[in-house]
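Here is what each chain is made of, one letter per residue.
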Amino acid sequence: LGMLGECGGDGTAESAEPFVSVWRTTTDDESITLPAATSLASIDPPPPFNYDFQVDWGDGSPPSTVTRFDDPDRSHTYAAAGDYTVTVTGLMESISFRDDETWDTKPGADKLIAIPNLGAVGWKSFENAFQSCRNLGLVTGGDTSSVRT
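Residues numbered from 1 in each chain as written. Predicted model: local features only at pLDDT ≥ 70, side-chain atom pairs only at ≥ 80, totals over all residues. Heavy atoms only, no water.

Asker: Looking at this model, I keep getting lost on the sheet that holds strand β3 (residues 19-25). Mind explaining?
Answerer: Through backbone hydrogen bonds, the strands of a sheet pair up, either in parallel or in antiparallel fashion. In spatial order, the strands read β6-β5-β8-β3-β9; together these five strands make up an open sheet with antiparallel pairing. Edge strands, defined here as strands with exactly one partner in the open sheet, are β6 (64-66) and β9 (112-117). Averaged over all pairs of adjacent strands, the angle between their axes in this sheet comes to 25°, without regard to strand direction. In this structure, β3 lies alongside β9, joined through three bridges in antiparallel fashion. (Pairing = 2+ DSSP bridges. Helix = DSSP H or I, 4+ residues; strand = E, 2+ residues; numbered from the N terminus. Axes fitted to C-alpha atoms, helices over the stretch in contact; angles between N-to-C directions.)

Asker: Please clarify how unusual backbone geometry should be interpreted in this entry.
Answerer: Trans peptide bonds make up most of the peptide bonds, and negative phi angles are found at most residues other than glycine. The backbone of Asp29 shows a phi angle near 60°, a positive value even though the residue is not glycine. Relative to the helices and strands, Asp29 resides in the loop between β3 and β4 (30-33). Positive phi, close to 55°, is recorded for Asn128, a residue that is not glycine. Take Asn128: it is sitting in the segment after β9. A relative accessible area of 26% means that Asn128 is categorised as partly exposed. (Buried < 20%, exposed > 50% of the residue type's maximum accessible area, 1.4 Å probe, protein only.)

Asker: Can you help me understand the nonpolar core in this one?
Answerer: Across soluble globular proteins, nonpolar side chains show a tendency to be buried alongside one another. Counting 29 residues, the largest nonpolar core has Phe19, Leu34, Phe53, Val55, Val86, Met92 and Trp123 as its most contacted members. Elements with a contribution of two residues or more to this core: β3, β5 (51-56), β8 (82-92) and β9. With four residues, β8 is the largest single contributor of residues to this core. Setting aside residues no more than four positions away along its own chain, Trp123 makes contact with Phe19, Met92, Glu93, Ser94, Ile95, Leu118, Asp143, Ser146 and Val147. (Core = buried A, V, L, I, M, F, W, Y, C linked by side-chain atoms within 4.5 Å. Contact = heavy atoms within 4.5 Å.)

Asker: Explain the packing of aromatic side chains here, please?
Answerer: Ring pairs (aromatic) are described by centroid distance and by the angle formed between their planes. Tallied over the full model, the rule gives six aromatic pairs. Arranged with centres 3.9 Å apart and planes meeting at 20°, the rings of Tyr78 and Tyr84 form a pair that is stacked. Judged by relative accessible area, which is 0%, Tyr78 ranks as buried. With a relative accessible area of 13%, Tyr84 lands in the buried category. Centre to centre, the rings of Trp123 and Phe126 are 5.0 Å apart; their planes meet at 45°, and the pair counts as tilted. When its relative accessible area of 1% is taken as the criterion, Trp123 is described as buried. Chaining the aromatic ring pairs together yields one cluster made of Phe19, Trp123, Phe126 and Phe130. (Phe/Tyr/Trp six-rings, centres within 6.5 Å; stacked < 30°, edge-to-face > 60°.)

Read these as spatial facts, not as claims about activity.
Structure follows, in structure tokens:
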């Protein structure tokens, strides 16, 4: 899965091991959205999370670049139903399937089926990271040494 790297002193992930996840779509033209969190809700005032990563969607399409929690490039539509390995490289400080405002589960939680490698992408929080991911089985690997919640 690539060489294990470290986060740079400026908080960026340099040559880091990627975050690898597997998603299952059940119909053609179905979308997934990487659920980036806005901030750490349990701290007042909540510090924002940083994002600056590339996404390989696993279907041969061009990679996307995501630079903020609400970046439209966090979403991708697959032409055909199937299992897709999504690979994230760069800085992704948090993931959360809970909406920070409504506390509802974000759409797509049931599509995430495995995380073969959490990677070393600068994780800071897993607060409600995999809430309601009822089909999520395998979760392995990764550098979570900077995770606070």
